[in-house]
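What follows is the residue order along each chain.
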Amino acid sequence: MTSTDETTAMSPVTSAVRREWAVFRSRGRVIAMIAAALAVIVPGLLTAYGDRASCGAGGVEIACPTDPAGPDGRAVSDQFFFVHRPLGENGVITARVTSMTGVITYPPPDHDKIVPGLVPWAKAGIIVKDGTGQGSTYAALMVTGGHGVRMQHDYVHDTAGRPEGVSPRSPRWLRLVRSGDTVTGYESADGRRWTRVGTARLAGAPRTVEAGLFVTSPGDLTVRRTGLGGGTTETRFTQATAVFDDVSLDGAPAGGWRHGAVGEMGHTDWERNHRAPGLVEADGTFTVTGSGDIGPAGAEGGHDMEDTLVGLAAGLAVVIAVAARFAVAAPRTARSVTTEPRMTRSTTAAVRTARGGVPPSGGRDLAARAVVAGAAAFSAGLVAAGVTMPVGAEILRANGNAVLPVSWLTLSRVVLGVAVLFAVTAVLALALGALLRRTWAAVLGAMSAVILPYVLGALPLLPDEAARWSLRLTPAAGFAVQQTAVRYPQVVAHYVPSEGYFPLPWWAGLGVLCGHAALAMALAASRWRRPAV
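Residues numbered from 1 in each chain as written. Predicted model: local features only at pLDDT ≥ 70, side-chain atom pairs only at ≥ 80, totals over all residues. Heavy atoms only, no water.

A. Representation of the overall build of the protein chain. When helices and strands are counted, the protein chain shows 10 helices and 21 strands. Expressed as a percentage of contacts within the protein chain between residues at least 6 apart in sequence, the contacts between residues at least 24 apart total 73%. Of the accessible surface of the protein chain, which amounts to about 24000 Å², a share of 58% is contributed by carbon and sulfur atoms. (Helix = DSSP H or I, 4+ residues; strand = E, 2+ residues; numbered from the N terminus. Contact = heavy atoms within 4.5 Å. Areas by Shrake-Rupley, 256 points an atom, 1.4 Å probe, with all protein chains shown as cover.)

Structural data, given as structure tokens:
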């Protein structure tokens, strides 16, 4: 085929797109797409502007504390009780854990209610850390309340050891070996036969670090059910106590053990009135009590970037209305523009006349409309997310709020994902309009499929599993493109849509939405091919 033939073959497609663009830009549809972008931008920026963090001490307003940043810049939790001594570039710390107990307290008005027990991610063990500052690099080997032996380093890395717990009848020996920047963890049931758990590389660690014993216990998360089965969360204070013996530290300069809290602790009523965090040492036995956590910051650590997209559903509602109405708009021909609200026999005849008596190709015409509607919606979504997220995050920070940082690559992925969400939703609404041939029916169907499941899960109104399944199976799965929150197994959190955790990764959620749109387009194209009678 020659280039001339190729141009000729493509001309009907190009003509169809141009003709549908002429239809789309009439009657204020471009202005409506601008309104869709503003429906996201305005609420997002106004909400960020109105969200002002305020903290006080002694009647004086002070800057609100923020979570420390880890070695990679992300917000982390770093709060525990630490018994430590300096350790050089090469050395070994060994300890035996003989018991681990804990308590869980209730929030007011039941703050005097105390339940003995360990939360699953209470931790007690040995640690090598770059000083006592929060957020510094570390490697730790530990026993936990419900997840056995673990080796963790630099807050986000977690390696499982033996699943058993610890008790006076079944103690656990732990050992960390430092060789330069490399720290290797070993565990043993008898102190003679050792099993390697994992290895960590602490890039940039100084020649002298702090090594010793630690205990921490994160808050216990409870979920209160709402009327329709959704849940809201609250956190109860917890505390853990561990007993160590056979503690040895090779490769350390002479000196005694030092101890203290990393981060704030000791301020709750329970700690003041019952048991304060600290160390009790007697005859080579160390009893250490602490609270807090070492790991990535949970959802309470600050705002996620996508928190600024509060108007996303409203913007999509406008896109759906525009695309559905565009589906039933009369086509623009070379001779005239009919103003009938939907395809009729006279419209079909006009198109046939304009094309020299050749019946219109339903699939081609519908595809041209999908291209036009999708491109316009993509542009609106790109502007909406591209303005709202970075600007809204800066406003939140200026108001004293913590915003969990994301890389520029992740931010770009979310912005483009929102644009694609807008585009595919427009195609789905257009296909429903072409299939149902009624604007109101198409709008109702698209909103029920795309927006309603998301709103019910995000408020939250549905039970957790119902919300998860609705966001797996319906076109609302596409909302997962906005997620930047990361789910960590070692972080206690309520991993549900209302907390920003979607059941599918962004690419899978977008795939579900695209599948629904493709099916609707195929059904609509089949109907458009049928001659009007």
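Here the narrative resumes.
B. Local environment of the packing of helix α7 (residues 408–436) against helix α8 (residues 439–458). For the pair α7 and α8, the least separation of the axes is 8 Å and the interaxial angle reads 140 degrees. The angle between the axes of α7 and α8 places the two elements in the oblique class. Between α7 and α8 lies a crossing of right-handed hand. In this structure, α7 uses Thr425, Leu428, Ala429, Leu432, Gly433 and Leu436 to contact α8, whose residues at the interface are Ala441, Ala442, Gly445, Ala446 and Val450. Its residues assigned to classes, the contact of α7 with α8 comprises 8 nonpolar, 3 polar and no charged. (Axes fitted to C-alpha atoms, helices over the stretch in contact; angles between N-to-C directions. Parallel < 35°, antiparallel > 145°, perpendicular 65-115°, else oblique. Left-handed = near helix turned anticlockwise from the far one by under 90°. Nonpolar A, V, L, I, M, F, W, Y, C, P; charged D, E, K, R; others polar.)

C. Fine view of the environment of Phe244. Counting through the fold element by element, Phe244 comes out in strand β17 (residues 238–250). On the basis of relative accessibility, which here comes to 0%, the residue Phe244 falls in the buried class. Distance in space between the C-alpha atoms of Phe244 and Trp173 is 9.4 Å, their sequence separation being 71 residues. (Buried < 20%, exposed > 50% of the residue type's maximum accessible area, 1.4 Å probe, protein only.)

D. Structural context of helix α9 (residues 464–473). Those residues of α9 not exposed but buried are Asp464, Ala467, Arg468, Ser470 and Leu471. Taken end-on, α9 shows its buried residues confined to a sector of 165 degrees, consistent with a single buried face. In this structure, the buried side of α9 is in contact with β15 (220–225), β16 (231–236) and α8. (Arc of directions from axis to C-beta.)

E. Structural view of the sheet that holds strand β10 (residues 157–160). Across the sheet, 7 strands lie side by side as β10-β9-β8-β7-β14-β4-β18; this open sheet has antiparallel pairing. Each of the sheet's edge strands pairs with one partner strand only, and the pair in question is β10 and β18 (258–262). Each strand of the sheet is rotated relative to its neighbour by a mean of 25 degrees, with strand direction disregarded. Inspection of the sheet shows strand β9 (residues 149–153) paired to β10 by 4 bridges, in the antiparallel sense. Residue pairing for β10: His153 is matched across the bridge by His157. (Pairing = 2+ DSSP bridges.)

F. Layout of helix α4 (residues 312–327). Spanning 16 residues, α4 covers 23 Å between terminal C-alpha atoms, matching the ideal 22 Å at 1.5 Å per step. Counting buried positions over the 16 residues of α4 gives 12, a clear majority of the element. (Expected span 1.5 Å × (residues − 1).)

Function-wise, these values are silent; they only describe arrangement.
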